[in-house]
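Topology and contacts: notes
Okay, here's what each chain looks like letter by letter:
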Amino acid sequence: QVQLVESGGGLVQTGGSLRLSCTASGGIFSSYAMGWFRQARGKEREFVAGIRSNGGSTDYSDSVKGRFTISRDNAKNTVYLQMNSLKPEDAAVYYCAADRRFWIVPRIAREINYWGQGTQVTVSS
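Residues numbered from 1 in each chain as written. Predicted model: local features only at pLDDT ≥ 70, side-chain atom pairs only at ≥ 80, totals over all residues. Heavy atoms only, no water.

1. What to know about the nonpolar core
Across soluble globular proteins, you tend to see nonpolar side chains buried next to one another. To keep it simple, the criterion reads: We call a set of buried Ala, Val, Leu, Ile, Met, Phe, Trp, Tyr and Cys residues a nonpolar core when their side-chain atoms join them within 4.5 Å. A 1.4 Å probe rolled over the protein chains alone gives each residue an accessible area, and that area as a share of the maximum for its type sets the label: buried under 20%, exposed over 50%, partly exposed in between. A run of DSSP states H or I qualifies as a helix once it reaches four residues; a run of E qualifies as a strand once it reaches two. Both are numbered from the N-terminal end.
In this structure, Met 34, Trp 36, Val 79, Leu 81, Met 83 and Tyr 94 are the most contacted members of the largest nonpolar core, which totals 28 residues. Elements supplying a minimum of two residues to this core: strand 3 (18-25), strand 4 (33-39), strand 5 (46-51), strand 7 (68-73), strand 8 (78-83), strand 9 (92-99) and strand 11 (119-124). One finds Ala 33, Phe 37, Ala 109 and Ile 112 within the second-largest nonpolar core, a separate group that totals seven residues.

2. Focus: the state of the cysteines
Rule in force here: In this description, a disulfide is simply a cysteine sulfur pair whose atoms lie within 2.5 Å.
Counted according to the given criterion, the structure contains one disulfide. Paired by a disulfide, Cys 22 and Cys 96 hold their sulfur atoms 2.1 Å apart. Here the S-S torsion is close to -80 degrees, and the disulfide linking Cys 22 with Cys 96 is therefore left-handed. Of the two residues, Cys 22 is situated in strand 3 and Cys 96 in strand 9; the sequence distance between them amounts to 74 residues. Considered together, Cys 22 and Cys 96 belong to a single accessibility category, that of buried residues.

3. A word on unusual backbone geometry
Although it is not a glycine, Asn 77 adopts a positive phi angle of roughly 55 degrees. Structurally, the position occupied by Asn 77 is in the loop between strand 7 and strand 8. Taking the relative accessible area as the measure of exposure, Asn 77 reaches 27% and is therefore partly exposed. Unusually for a residue other than glycine, Ser 85 sits at a positive phi of about 50 degrees. Among the secondary structure elements, Ser 85 is positioned in the loop between strand 8 and strand 9. Accessibility expressed as a relative area gives 41% for Ser 85, which makes it partly exposed.

4. Considering the sheet that holds strand 8
Stated precisely, the cut-off is as follows: By this definition, two strands are paired if DSSP reports at least two bridges between them. Geometry is summarised by axes, namely lines fitted to C-alpha atoms with helices restricted to the contacting stretch, and by angles between N-to-C directions that run from 0 to 180 degrees.
With respect to topology, four strands assemble into an open sheet ordered 1-3-8-7, the strand pairing being antiparallel. The sheet is open, and its two borders are formed by strand 1 (3-7) and strand 7, each paired with just one other strand. Shown here is a sheet whose adjacent strand axes are inclined to one another by a mean of 15 degrees, direction ignored. Sheet topology places strand 1 next to strand 3; five bridges connect them, and they run antiparallel. The residue bridging Leu 4 from the neighbouring strand is Ala 24, located in strand 3.

Right under this line is the structure:
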């Protein structure tokens, strides 16, 4: 069973950048498809980005495509989310997700096996 710990959240101004990290332990990281979801207050958890276990394929929601980049370093058991050109609507708790049953994480949160505890991203206007 894999454990996930996110870091890198914080307060940023509109148009700014942040890089989130998620470090995994307790499993064979390179066998897991990884992803990022987010949940704003009062809203459902939504898919942001996903990356295949070998890093060969990525997937993005339309709302972040062109602004966010997901990547992974299997040697460091870490997945990243580089967030550029941040908007107030990007503010949310960001969660790292992992699942080894899929080539790439599904976009539906309830189908994901493993979650981190979340990291808060706040974007000031």
